[in-house]
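Chain by chain, the residues run as shown.
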Amino acid sequence: MSEPDVVSSEPATKRRGRRLKGGPLQTRRTEFEDTLARTASARGAEAGASLPRASLWGDAFHRFMKNKASVVAAVAFLALLAFVIIVPFVSSEDPYALDFSQAYLSPSWDHPFGTDQFGRDLFIRTALGGRVSFAIGFAATFTIMVVGIVYGATAGFLGGHVDNALMRFLDALYGLPYLPFAIMTLAVFGTVNFWTMVVALTIASWFTTARVMRGQIITLKQNDYVRAAYAAGAKGPRVLYRHLLMNTLGVIIVFVFLELPGVILGEAFLSFLGLGINPPKASWGTLAQDGYTAYQAHPYIIVIPSLCIAWLILSAFFIADGLRDALDPRTKEA
Amino acid sequence: MALLEVEDLRTYFKTREGEVHAVDGVSFEVEEGSVLGIVGESGCGKSVTSLSIMGLVQSPGRVVSGSIRFDGRELTTMSDKNLEDVRGKQIAMIFQDPMTSLNPTLTIGTQITETIRRHMDLSKSAAEKRAIGLLEEVHIPDAARRLRDYPHRFSGGMRQRVMIAMALSCNPQLLIADEPTTALDVTVQAGVLELLDDLRRDHGMTMIIISHNMGVIAETAEQVLVMYAGQVVEQATVIDLFDRPEHPYTEALLGSLPKIDEPNPRNGRLSTIPGRPPDLLVPPEACRFAPRCRYAGMDDCNKVQPELREIRTGHWVRSNHPASERAAEPVGAR
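Treat the numbers as computed from the prediction; the structure is a model and nothing was measured.

Q: What am I meant to see in the environment of isoleucine 273 of chain B here?
A: All names here are of chain B. Counting through the fold element by element, isoleucine 273 comes out in the loop between helix H10 (248-255) and strand S11 (309-312). Between the alpha carbons of isoleucine 273 and arginine 292 there is a distance of 7.0 Å; along the sequence they are 19 residues apart. Beyond its immediate chain neighbours, meaning those up to four positions away, isoleucine 273 contacts Tyr249, Ala252, Leu253, Phe289 and Arg292.

Quick look at the structure:
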């Protein structure tokens, strides 16, 4: 980083002389300066060769890979995702075929996860249930993010009375208990399907995201580069997008992985209460609920989907942890 | 007609306790091609004056009254949309802290080209070419390559050069430099000032340079405005001001500078100005400097606010006891 001041470190007399000559700066460069510039760029090239061209995301990836726990978690997360995606494609089992002669088979080579009371293969049903859980989890996390970001960013960016009104309203909403409200929402809809589930899980869980976003935007708004952008004639919406929202991406990504397990757990919990996806479809929550009725004789039925949920939640938390460290510029030196 | 005419500018900030009169009746003119220096201690209103010109005073502050005419157009009543077009294109600004004035998540190139394309109808590649030219002009070696670097790869001095390049990107008529070297290393300061001066000459720019550093002002400015407690207390050409300061405050400011060649009268201790600036919440009716003034005596210094008057051609002062009248006065030092 020492190249820049090479030019200004030349003797003052030289600079004075240069100014007097007039004409555009480039043509006024002396031989001495050219040599300096060349050595400077040569040094720069060397530095460029030894230091990888760091992009922000590249740096973050690098730091993430250094965190062993997070890397293991990411692998575990991806493995689970691969399991739920791939198994239904390659399995020859029919997840919905009833065969009471095959009921309650313990895990074996033919049925790695055993069978349920209707004789359905639990390996493929766990994979399919995982698809539902993941899908609801991602969809609900997405809607939570969108609602929370829009609400929080609006409040933080506009500030003043708008901010006050929006945040006091949010304070009131904060009083709503998450699960009872989700249950009520499902009751109001009357049916449980993918989208009502997403709405029920979103409706009382975007508050924290909105608050965090508002805080982020307000903090970022104080930055000199925001003021500088305005001073350069940038318009409000552009500043909001380019300098504020884009700079919260790191926080948003971390939040996705913090929110996802909560949502999936919520879905599982609702399913366990009997408010889940309708049979014969299943999610991990409904599978666990099926197992609950026979947990003494056939514990594997409840243990396996529960382990899946735990697996997902733990890995997501560790990923979030690693991402937070990786995306936080303050940990750059580490 | 001067390029910039500020008349009786008043910018107040609403607080819980009342309105803070940050800028209280400031008037000045800047002729095209000249350099105006504004000097004063922290909180005297110099930065707020510049932000008022840019229309960037943030809530709870606002320009209460007064007029700012730039190139014959009134800025205080201009619509936001028109003002956005003036900012960056006709009036550009450089901020104090180059470490925070650049968005850390965007490359230097992106930030410069965006500013260029905001105001000029250029293609992306043309804007990039222009950006390279600008970076070369501010002596960034290997400009084409450095365009793709993020701000954290630049030193403080380089970042300020980048900020200068960005400010120059649309050939502004007026450049406001708000403490452009305060956050920089002393060795880098001189280089940046030199650069600003060179560029100003090359581009035929008018400049307002704001500083609390008398040295910076002496080096760069042609006209100097001394501000105290939201008001102009003295205005003169730079040579006249430094050779024959009239206002007791200016005298004290210059007197507080350490000098290498003079033995210090106070046993090697720097002379200071006792007291502190008045509370701008309820500005006194009297001379605002009276409580700290060595010459405020039995007369109405503590009752009536002195007017800004022309004590000799081109030298304005707001004091009952300017240096050149003091010998004739019986009251003298207390």
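So that's the structure; there's more coming.
Q: Where do I start with the sheet that holds strand S7 (residues 174-178) of chain B in this structure?
A: Strand pairing in a sheet relies on backbone hydrogen bonds, with the paired strands running either antiparallel or parallel. Residues and elements named next belong to chain B. The strand order S6-S7-S8-S3-S9-S10-S12-S11 describes an open sheet built from eight strands, whose pairing is mixed. Edge positions in the sheet fall to strand S6 (91-94) and S11, since each of these pairs with one other strand and no more. When the angles between neighbouring strand axes are averaged without regard to direction, this sheet yields 20 degrees. As defined by bridge partners, strand S9 (residues 223-228) adjoins strand S10 (residues 231-237) across six bridges and the pair is classed as antiparallel. Each residue of the ladder has a partner; that of glutamine 223, found in S10, is threonine 237. Packed onto the sheet, helix H6 (residues 156-168) meets S6 and S7 and runs at close to 175 degrees relative to S6. Contacts between H10 and the sheet are confined to S9 and S10, with S9 contributing the most and set at about 100 degrees to the helix.

Q: What should I look at first to understand the packing of aromatic side chains in this one?
A: Remark: the centre distance and the inter-plane angle together describe each pair of aromatic rings, the angle taken between the planes. Tallied over the full model, the rule gives 15 aromatic pairs over all chains. Between the aromatic rings of phenylalanine 83 of chain A and phenylalanine 113 of chain A, the centroid separation amounts to 6.1 Å while the plane-to-plane angle is 50 degrees, which identifies the pairing as tilted. Linking phenylalanine 83 of chain A in helix H4 (residues 68-90) with phenylalanine 113 of chain A in the loop between H4 and helix H5 (122-158), this pair joins segments that are 30 residues apart in sequence. Judged by its relative accessible area of 17%, phenylalanine 83 of chain A is buried. Aromatic pair tyrosine 228 of chain B and phenylalanine 289 of chain B: ring centres 5.1 Å apart, planes at 85 degrees, arrangement edge-to-face. Note that tyrosine 228 of chain B is positioned in strand S9 and phenylalanine 289 of chain B in the loop between H10 and S11, a separation of 61 residues in sequence. A single burial state applies to tyrosine 228 of chain B and to phenylalanine 289 of chain B, both of which are buried.

Q: Mind showing me how you'd approach the pattern of salt bridges here?
A: Side-chain pairs of opposite charge can arise whenever the charged atoms involved come near each other. All names here are of chain B. Enumeration over the complete set of coordinates arrives at 26 salt bridges over all chains. A salt bridge links glutamate 179 to lysine 46; its shortest N-O distance comes to 3.7 Å. Residue glutamate 179 is found in the loop between S7 and helix H7 (186-203), and its partner lysine 46 is found in helix H1 (residues 46-54); the two are separated by 133 residues along the sequence. For glutamate 179, a relative accessible area of 6% translates into the label buried. Looking at lysine 46, the relative accessible area reads 5%, which means it is buried. Aspartate 240 is paired through a salt bridge with arginine 312; the nearest N and O atoms lie 3.3 Å apart. Taken together, the positions of aspartate 240 in helix H9 (residues 238-243) and arginine 312 in strand S11 put the pair 72 residues apart, joining distant regions of the chain. Sharing partners across several salt bridges, the network here consists of Glu5, Glu7, Arg69 and Glu74.

Q: Sorry if this is basic, but what is going on with the sheet that holds strand S5 (residues 73-74) of chain B here?
A: Residues and elements named next belong to chain B. Here four strands make up an open sheet; going across it, the order is S2-S1-S4-S5 and the pairing antiparallel. In this open sheet, the two edge strands, each paired with only one partner strand, are strand S2 (18-30) and S5. The pairing of strand S1 (residues 4-15) with S2 spans ten bridges and is antiparallel. Among the inter-strand pairings, arginine 10 is bridged to a residue of S2, identified as aspartate 24. Across the sheet, H1 touches S1, S2 and strand S4 (61-70), and the angle it forms with S1 is around 110 degrees.

Q: How do you make sense of the nonpolar core when you look at a structure like this?
A: The tendency in soluble globular proteins is for nonpolar side chains to be buried as a group. In terms of nonpolar packing, the biggest core is built from 115 residues, with Leu4, Phe28, Ile53, Leu135 and Ile208 of chain B touching the most fellow members. Considering every element that reaches this core, the biggest residue donor is H6 of chain B, with eight residues. Excluding residues that lie within four positions of it along the chain, leucine 135 of chain B makes contacts with Ile108, Ile112, Ile140, Ala143, Leu147, Val162 and Ala165 of chain B. Counting residues in hydrophobic clusters, the runner-up holds 33 residues, among them Ala60, Ala73, Ala282 and Ile301 of chain A.

Q: Even after reading the chapter, I still don't get a nonpolar patch on the surface, so can you show me in this structure?
A: A contiguous nonpolar patch, built from Ile85, Ile86, Phe89 and Val90 of chain A and spanning about 440 Å² of accessible area, is present on the exposed surface. On the secondary structure map, phenylalanine 89 of chain A appears in helix H4.

Q: When you look at the pairing of S7 of chain B in this model, what are you seeing that I'm missing?
A: In summary, the side chains of a regular strand alternate between the two faces of the sheet. Residue and element names in this part refer to chain B. Burial analysis of S7 places five of its five residues in the buried class, which makes it a mostly covered element. Pairing between S6 and S7: four bridges, direction parallel. Bridge pairing links methionine 93 to isoleucine 176 in S7. As defined by bridge partners, S7 adjoins strand S8 (residues 206-211) across five bridges and the pair is classed as parallel. Looking at the pairing, alanine 177 lines up with isoleucine 209 of S8. Between the parallel elements S7 and S8, the chain passes through H7 in a crossover that is right-handed.

Q: Could you clarify how one ought to interpret the pairing of S11 of chain B in this entry?
A: Residues and elements named next belong to chain B. Sheet topology places S11 next to strand S12 (residues 315-317); three bridges connect them, and they run antiparallel. Each bridged residue has a counterpart across the sheet, and for arginine 312 the counterpart in S12 is histidine 315. Turn length for the S11-S12 hairpin, with the two strands adjacent in sequence and antiparallel, is two residues, and the turn residue glycine 314 shows positive phi of about 75 degrees.

Q: How do you make sense of the packing of H5 of chain A against helix H11 (residues 236-245) of chain A when you look at a structure like this?
A: The axes of two packed helices give the description: the angle between them and the distance between them. All names here are of chain A. Packing of H5 against H11 leaves a shortest axis separation of 12 Å and a crossing angle of 115 degrees. Comparing their axes, H11 and H5 come out roughly perpendicular. The chirality of how H5 crosses H11 is right-handed. Counting all contacts with H5, which are made through Ile149, Ala153 and Phe157, the residues of H11 involved are Gly236, Leu240, Leu244 and Leu245.

Q: Hey, could you run me through the environment of alanine 316 of chain A in this one?
A: Residue and element names in this part refer to chain A. One can find alanine 316 in helix H14 (residues 300-327). Given the relative accessible area of 0%, alanine 316 is considered buried. Distance in space between the C-alpha atoms of alanine 316 and glycine 276 is 22 Å, their sequence separation being 40 residues. Apart from the residues lying within four places of it in its own chain, the contact partners of alanine 316 are Phe77, Phe257 and Pro261.

Q: What am I meant to see in the packing of H4 of chain A against H5 of chain A here?
A: Residues and elements named next belong to chain A. Following both chains from N to C, one finds H4 and H5 inclined at 120 degrees, their axes separated by 8 Å at the closest point. Relative to H5, the element H4 is oriented oblique. Of the two possible hands of crossing, H4 and H5 adopt the one that is left-handed. Facing Phe77, Leu80, Leu81, Phe83, Val84, Ile85, Val87, Pro88 and Phe89 of H4, the residues of H5 in contact are Phe123, Ile124, Thr126, Ala127, Leu128, Gly130, Arg131, Phe134 and Phe138. Partitioned by chemical class, the residues of the contact of H4 with H5 number 15 nonpolar, two polar and one charged.

Parameters and conventions
Residues numbered from 1 in each chain as written. Chains lettered and ligands numbered in written order. Predicted model: local features only at pLDDT ≥ 70, side-chain atom pairs only at ≥ 80, totals over all residues. Heavy atoms only, no water. Helix = DSSP H or I, 4+ residues; strand = E, 2+ residues; numbered from the N terminus. Contact = heavy atoms within 4.5 Å. Pairing = 2+ DSSP bridges. Axes fitted to C-alpha atoms, helices over the stretch in contact; angles between N-to-C directions. Phe/Tyr/Trp six-rings, centres within 6.5 Å; stacked < 30°, edge-to-face > 60°. Buried < 20%, exposed > 50% of the residue type's maximum accessible area, 1.4 Å probe, protein only. Salt bridge = Lys/Arg side-chain N within 4 Å of Asp/Glu carboxyl O. Core = buried A, V, L, I, M, F, W, Y, C linked by side-chain atoms within 4.5 Å. Patch = residues over 30% accessible without salt bridge, like charges linked within 9 Å, V, L, I, M, F, W, Y side chains within 5 Å. Areas by Shrake-Rupley, 256 points an atom, 1.4 Å probe, with all protein chains shown as cover. Right-handed = clockwise from strand over helix to strand, strands pointing away. Parallel < 35°, antiparallel > 145°, perpendicular 65-115°, else oblique. Left-handed = near helix turned anticlockwise from the far one by under 90°. Nonpolar A, V, L, I, M, F, W, Y, C, P; charged D, E, K, R; others polar.

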